[in-house]
Amino acid sequence: MKKLFIYIVFATAVSTQQSCKKDLNALPESSRVAESVITDGKTAEIALNGAYYNFANANPRKTSWQYHELPPACLAGYMGYAFGLLPEEENMNASLAFTDYWGESYRLLNTVNNALKGISSLADGDFAGDRKKEIIGELHFLRAYAHFKLFSYYGVWFDINSPLGVLLRDEASTKANISKARSTVKDSYDFILADLDDASANAASARPNYYATKWAAMVLKMRVLMSRGAAGDHAEIITLANTIIQTSPYQLEPNLVDIFHSKGLASNEVILGLKPQANQEQDYYSRSYQYWPFHSAGFVAKGALKDLLTGDPRQAWMIGSANPYSAYSPNTFFFTKYMIENGTPTTVSETYYAIRLSEVYLLRAEAIVRSGGSLATARTDVKNVMSHAGVIDFTAVDNAGTPEDLLLQIYYETVRNLVTEDGQEWMALLRLDFNTVKLLKPTITKKEQYIIPIPHSEFVYNPEIGDQNPGYDK
Amino acid sequence: MKFTAIFLLATCLQVSAIGHSQKVTLSMKNAPLQKVFKEINRQTGFHFFYKDALLQQAGRIDIEVKDADIEEALKQCFIHLPITFKVLENTIVLKTAVVKRTDPIIEEVPPQANINGTVKDTDGKPLASVSVSVKGTNAGTTTNSKGEFSLSGIDANATLIFSIVGYATQTVSLNGRNNINITLAVDAKQQSEIVVMGYGTLKRKDLTGSVSSVNTEEIKNTPFVSIDQALTGKAAGVQVIQGDGSPGGMAKIRIRGGTSLLGGNDPLYIIDGIPVQVQNRYLQSAAEIVSPVERFGNGDVDNTISGSFTRGLNSLGGLNINDIETIDILKDASATAIYGSRAANGVVIITTKKGKTDQKPILEANYYAGLSVPIKEKLLNAEQYVAIMKEGAKNLNDARAAANPVRPPDALATSILNTPGFLGTANTDWLDLVLRNGFSQNADISVRGGGMSSRYYTSLAYTRQNGVVVGTDFQRISGKVNMDNEITNRLRILSNMDYSFTKNNITNGMYTQALYAPPTLPAYNPDGSVHVITAADLGAQSYQGYQNPLLLLNGKNKSNTLQLLGSLALEYDLLKSLKFKSLVSVNYANYHQDNYTPSTVMISSASGTQTTPGIATQAQSQNANVFFENILTWDKQFNANNRINLVAGSSWQKSRMNSFSASGQGFPDDVYLNNLSSAALALPPSGSSGQSSLLSFYMRVNYALKEKYLFTFTGRSDISSKFPQNNRTGYFPSGGVAWRMSEEKFLKNVSWINELKLRASAGYTGTQNIADNLFYTLYNPASYGGTNALIPSQLGNEELKWETTLQKDAGIDIALFNSRLKASFGLYEKTTDGVLYTTTVASSSGFNSLISNIAKIRNRGLELDFRGDFIRNKNFQWTGALNISKNRSKVLAISNDLAVQDNGVVQFGNTSLVVGQPLGVFYGRKFLGLLKTQKEVDDYKAANLLAAYGFYPYLAIGDPYYLLDAPVFGYFKDTVIGHAEPKFFGGFTNTFNYKNFSLIALLTYSYGGDIFYEADIQNHDLGNRTNKSTRILDHYSPENPNSEFPRILLGQSPSVYTASNNVYDASFIKLKSITLNYEFSRKVLDKAKIRSASIYLSASNLFTITKYPGPDPEVSNDPYSIIGGYTDVAGYPTIKQYNVGIRVGF
């Protein structure tokens, strides 16, 4: 009897141990563990879409891209807060109220890196055709986008010899790998461009335009090269622009206003945009309502933008009536590029734009001028873009006889055309001669104001990061 | 000669009585008597007096006695010798025995006898395992399962001693009889001394740890519906605070303070061996209603419904108090460590009733009906309300006239002053409309009994309690089926099932709304529809959420819970002292929740509040916990000096949960067609599922050395799926020692000390009452571009580990004067290290935080428990039990990053975690008083930043002022403004018996803790025209200059959210419950042919002595948390309950 008992106990113990182990290691059911996000081609697409979700800074209710569209326009002097002055408007970069690319971009980087890790373990056969390469290409585009966004605001991008580049993330975050130093400026450019080379080569050439294509990667590469401005960069920009303009399916929108007021992503000009979430237009705090009639917050066009659009048909649809709170924010106006006064938000008014074909023309024009090319050719590109906005008076462009003058005209058109989209007005301003910058935006007195400080908390929780940007406290 | 013998015997007895304390231990073989005498002399000092010839005749002897009386030892010496002795003072005189063969008293060989008999209890049921010993010898036996015993070859005149734990020991002289049938009576005192520990029982005298037992007799007739409320004031170190007066609602229970910031802090309940963890089952509904109270503090304003569920849904609500046999509260590590990772908050072991073998069925029935009466706020009536508003209006216009430059009279104020009936002409008593006296009733019935080898207990109870807020109630059907079978004399099969169906109707905030509805506004329009009260009617903002309480009447907030605790166990006696038990049990709960917010109700929304076309949510969750346990118990008495009790076992627990929720919006009407299928628009559903498991091995050894020195060692290892593989196993060892001083020689004969025990223990316990999967980096489903996406939702912490609590405990247990006075003192320190909490990480990781073991919390305390049997007459008895507890918590550390970021202060609503401070710290603005002079006014105006921005245009004498961080910034300075933790608390139970009457009264008290009276903030000013409490009548005015209530100015609100003038001392003494019972006498009962019958009256909360200005200082807005839960949000009034009941037994 005793023996039998011992056998029973032993047998039970062994079998429970086994079944216990399985249960103790059971994975969660309502979520996926990071390592098992990607198991096949289908889940790879879902993981990629998760990266786009972060790219759009989305939540279940809405996409939220105001950091991309507003702060650069404020820094450049064209947009402002409806009820007073934002530090952004005065280039008080140490205490920006509204600008945080940091968290948003690194969220995207973590998602991308985890997807890259998952996808690399799959065989090509798990995907149809070249889809594996394409997905990796798209992920590389998104990684380059996030790094370049960070680099443009938190790195000394305008000095190739500076050690103060971007904190590069190339693996999915774990508690152990959070602590990391920032890279040099040169390494930052190299890393970003390497990602873009892969994306330009391997990303799909046709995707819905809220997903990245090889064309989007090429435009982004143009932006990066334009920022670096090293020998050969401008030539490469021109080559890239030629390829896009000649071989891509995108066309300039015949009438610019149609993109923003009626077509949205349906426009042939949009290379990459953000598709609003379902019912996003019904959100009380939607972006549209913050341009009119101001729900909780309000953002307005400043006199500088209205003035720049004087005599331009765009003034009629981009600038509305005077801000009713002008007492707090004098010389400001409803900004009606997306949301018309007395209108109701729509999916179109909730659409954000990351890359449009107009920018390709403007960058090509700028590269031509900067590389000592024909001013006339450059003028053609600028005028082409302007004419699609309904402009018929090209006197200013035609009169720009020196490269400096023409660069200024290209900058002005960049503002008129691309203001409050993805920060191109601000980067274009900073590419001008420093004295011109100071003249155009008098609150900029030091080059340190080109970029902003890395958030204080990063130094607290990632002491390895290294130095703060010059002119700012850790 | 006969006379001499009697004389001698008498002297001997007398002497032996004197020399009683002289103990002798002898162990000699073939020893000459001289040598024996020498040894006795050495041990006792006694001298021997004899003739040498006597010893020469005697020769050598063998002797073996231990701790024997001198008389006994001598008897043993001379047992086979013709020698008698006489003890005179300290001299022993020996004589040759006079042998008279005819004298039966001194027969050389006593007559031998074979004895048999049976032992039964007072119910006539045979008692097994009763120890039967022959006095003065080593002979003895135990009774079998039929209560029978037999002894052979013993002295026909011997004395038998019958003893068994739980029964009074009986001594029977045989006097030549050879058949003995006796009845043992239950020793009530001894029986309560059995303590149910984890996986077994122990005698209280053997405890080395701290265990409080609750006498179920004291709580069975009290008007408490659920067990958690009934624990109030019953045990030292156990703090019980009722959440609010919701019917069947839950109480906050903390045993020696809380330890967890993320998980719950309730003790682990072991109900019939099955672990039950208290949890908030509420599932988020699609519509929340704004709480106008919490808008004025720092809490979450959108939580009227979820907060009501938090307080109104009780995980323990399904248990019927009448089914409970014993409640034991395990407090220190030596007692709790056997529950390892779930024991840090203490363990409450509840055992329900069982049947008895060979017992005729006993049917017991109990019925009571009761009335609950709300303890409510005192509000202004219409006349007072108008007077206050007019005074405020007049003050405003006076202030405007006095302003520089002069301001014209305020139009609204002028209208209030001059237009009769401007504020409304109704005279509505809103509290009367939403409150009622709740009727409750309970009926339960139980049958128990048993046959030769089976016993059963089964019960069924129905309870219904109507809440004092219209539309709220609690219903319960509960019961149990217990069946124990003895298959062979070694094998038993035990089965038990506790079940309950409970239904709660929870408030959606009607009472809160009624506190603010102006009495001058009508409840209904002339056409019978509910009058809508708008924000404009009150001079308020719509986001503040005021509405007519009657609009909420059609709302539905229901929950149904089915709970099953079932177990099937096999018990096998491997040896007489070694038992094996295998147990499969299940704890299953099915919860269904039904919410409907009618179209007329304002709900919270992104823009503050909005009305929608009605929103319904139905949600369901299921939790199934399956346990498989194997336990070995070895209970061995080696000899008189060594006794061991060993329990070893393993346990496997698997918990599965799943839940889903569906919502719809837009319904054709608010009353009938509001099922989900009637919704015009389906809202996004949600669902989740998951599992966790726990594999444990445990052991406990209790060792008693010489019945004086007691040792307990406990160890448990837990392997939990909630932790990463490398940290999955937790070890929880503990040890305890106790010294029963009263058993020592020097105290043994102090007759008034019955027990004096010193005990000390230390050990580790843990908590794992946290969410599953916290250590994984997780991706959750989302959607972008209309297709599926997976996005990171949580950064894992691969180093996540157990929260461990090191608990040290020391105590003294004393019983004096025949155990009529008992006292127990205890000291403890509980330090919880690695408390899990949210930790900030660098945002360049793509995350903001992860969960890690960062905080450290300490609880220290003192517990006193006195029990007295003061009067014990035939007709009148009085017993009392008083306990006093003190617990001091301290946050020793939160992570350094919080110190960097927030100065070590982490704010949660109205309370904060502050390093170096206790838990439950109120953090906010400091009220310094009312401005009394113009200079004070001017200085404050100059220093106050808001005043500079024109916030207080009429600042003047009589306005409140607060501590500012001036001159730096001029804004209000946040500081610690109160401590919720009481300095001490406890309860005092008195039981009086007079003939057939018994009266049990429980007083509870708490001293020195604060409470934040959030509902009162708006009563200090006329910032809006909501109704106020009558305390505003005492506001400051030149005629009433000593008031602490500011002067009133229409539309002006100088008060500031969470401030010290709304933090009050919540000390109280209350008559928590009182029960008067009348037991019908035997005579009456016999005539009616019933076994027992009693009637009783009981009441709860009859009176409270407190300085707290609110209705009741004993409330908690969040019973689960240790960070918060110290705020009076006036969500539901507390109640007085009156019951009348009858119990009958057949």
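Provided above is the structure to which this section pertains.
Reading the values: the criteria
- Residues numbered from 1 in each chain as written.
- Chains lettered and ligands numbered in written order.
- Predicted model: local features only at pLDDT ≥ 70, side-chain atom pairs only at ≥ 80, totals over all residues.
- Heavy atoms only, no water.
- Helix = DSSP H or I, 4+ residues; strand = E, 2+ residues; numbered from the N terminus.
- Contact = heavy atoms within 4.5 Å.
- Areas by Shrake-Rupley, 256 points an atom, 1.4 Å probe, with all protein chains shown as cover.
- Axes fitted to C-alpha atoms, helices over the stretch in contact; angles between N-to-C directions.
- Parallel < 35°, antiparallel > 145°, perpendicular 65-115°, else oblique.
- Left-handed = near helix turned anticlockwise from the far one by under 90°.
- Nonpolar A, V, L, I, M, F, W, Y, C, P; charged D, E, K, R; others polar.
- Pairing = 2+ DSSP bridges.
- Buried area = accessible area lost by both parts, 1.4 Å probe.
- Salt bridge = Lys/Arg side-chain N within 4 Å of Asp/Glu carboxyl O.
- Expected span 1.5 Å × (residues − 1).
- Buried < 20%, exposed > 50% of the residue type's maximum accessible area, 1.4 Å probe, protein only.
- Arc of directions from axis to C-beta.
- Polar contact = N/O pair within 3.5 Å; in protein donor to acceptor, adjacent residues only side chain to side chain.
- Core = buried A, V, L, I, M, F, W, Y, C linked by side-chain atoms within 4.5 Å.
- Lys, Arg positive; Asp, Glu negative; His and termini not counted.

The subject of this paragraph is the overall build of chain A. A tally of helices and strands in chain A yields 19 helices and 7 strands. Once the C-alpha set of chain A is aligned to its principal axes, its extents read approximately 110 × 50 × 45 Å. Considering only residue pairs separated by 6 or more positions, chain A has 68% of its internal contacts joining residues 24 or more positions apart. In the form shown here, chain A has an accessible surface area of approximately 17800 Å², with 54% of it arising from carbon and sulfur atoms.

If you want to describe how two helices pack, look at the angle between their axes and the distance between the axes. All names here are of chain A. Two elements in contact, helix α6 (residues 185–202) and helix α7 (residues 214–228), have axes whose closest approach is 8 Å; the angle formed by their N-to-C orientations is 155°. By the angle between their axes, α6 is roughly antiparallel relative to α7. Our pair here, α6 against α7, has a crossing hand that is left-handed. Listed contacts from α7 to Tyr189, Asp190, Ile192, Leu193, Leu196, Asp197, Ala199 and Ser200 of α6 are Lys214, Ala217, Met218, Leu220, Lys221, Val224, Leu225, Ser227 and Arg228. Residues belonging to the contact of α6 with α7 are distributed by class as follows: 10 nonpolar, 2 polar and 5 charged.

Residues and elements named next belong to chain B. Pairing is mixed across the open sheet formed by 3 strands, whose spatial order is β9-β6-β12. Of all strands in the sheet, those with a lone pairing partner are β9 (148–155) and β12 (179–184), marking the two edges. Averaged over all pairs of adjacent strands, the angle between their axes in this sheet comes to 25°, without regard to strand direction. Pairing analysis gives 6 bridges linking strand β6 (residues 112–121) to β9, with the strands arranged antiparallel.

Attention shifts here to the interface of chain A and chain B. Tallying the contact residues gives 58 residues for chain A and 58 residues for chain B. Interface of chain A and chain B: buried area, both sides summed, is about 4700 Å²; carbon and sulfur atoms make up 60% of it. Looking only at chain A, the three residues that lose the most surface to chain B are Leu24(A), Lys175(A) and Tyr461(A), adding up to 16% of its buried area. Joining chain A to chain B, the criterion identifies 3 salt bridges. The partner of Glu29(A) in a salt bridge is Arg656(B), with the nearest N and O atoms 2.8 Å apart.

Glancing now at the sheet that holds strand β5 (residues 319–322) of chain A. Residue and element names in this part refer to chain A. Pairing within the open sheet is antiparallel, and its 4 strands lie in the order β2-β4-β6-β5. Edge positions in the sheet fall to β2 (79–81) and β5, since each of these pairs with one other strand and no more. The average undirected angle you get between the axes of adjacent strands in this sheet is 50°. Judged from the 3 bridges that link them, β2 and strand β4 (residues 299–302) form a sheet pairing that is antiparallel. Among the inter-strand pairings, Gly80 is bridged to a residue of β4, identified as Val300. Strands in contact with helix α3 (residues 66–75) are β2 and β4; relative to β2, the strand with the most contacts, it is inclined by about 100°.

A few words now on unusual backbone geometry. Cis geometry marks the peptide bond from Trp292(A) to Pro293(A); its omega dihedral reads -5°. Mapped onto the elements of the fold, Pro293(A) is located in the loop between α10 (287–291) and β4.

It is worth spelling out helix α10 (residues 382–402) of chain B at this point. Residues and elements named next belong to chain B. Here α10 spans 30 Å end to end across 21 residues, near enough to the 30 Å set by a 1.5 Å rise per residue. Burial in α10 covers these residues: Ala382, Tyr385, Ile388, Met389, Gly392, Ala393, Leu396, Asn397, Ala399 and Arg400. Projected down its long axis, α10 carries its buried residues within an arc of 165°, all on one side. Of the residues in α10, the exposed ones pointing more than 90 degrees away from the buried face are Glu383 and Ala402. Here the buried face of α10 lies against α11 (411–418). Between the side-chain oxygen at the start of α10 and the backbone nitrogen of Glu383 there is a gap of 3.1 Å, and the oxygen is on Asn381.

Another point: the nonpolar core. Residue and element names in this part refer to chain A. Core analysis: the largest hydrophobic core is formed by 159 residues, its most contacted members being Phe55, Phe141 and Leu305. In terms of residue count, the dominant contributor to this core is helix α5 (residues 131–154) (12 residues). Ignoring anything within four residues of it in the chain, the contact list for Phe55 reads Trp65, Glu104, Leu108, Leu142, Tyr145, Leu272, Leu274 and Ala354.

What follows concerns helix α2 (residues 33–44) of chain B. All names here are of chain B. With 12 residues, α2 should reach 16 Å at 1.5 Å per residue; the first-to-last C-alpha distance of 16 Å fits that figure. Along α2, the residues classified as buried are Leu33, Val36, Phe37, Glu39, Ile40 and Thr44. In a view along the axis of α2, the buried residues occupy a sector of 160°, so they form one face of it. When the buried face of α2 is taken as reference, the exposed residues oriented beyond 90 degrees from it are Lys35, Lys38 and Arg42.

Our next topic: the side chain of Glu458(A). Relative to the elements of secondary structure, Glu458(A) occurs in helix α19 (residues 456–461). Despite its burial, Glu458(A) pairs with no opposite charge; the closest candidate is Arg169(A), at 4.5 Å N-O. Those residues within four positions of Glu458(A) in sequence are excluded, and the remaining contacts are Trp102(A), Leu167(A), Pro463(A), Ile465(A), Ala842(B), Ser843(B) and Ser844(B).

It is worth stressing that arrangement in space is one thing and function is another; only the former is reported here.
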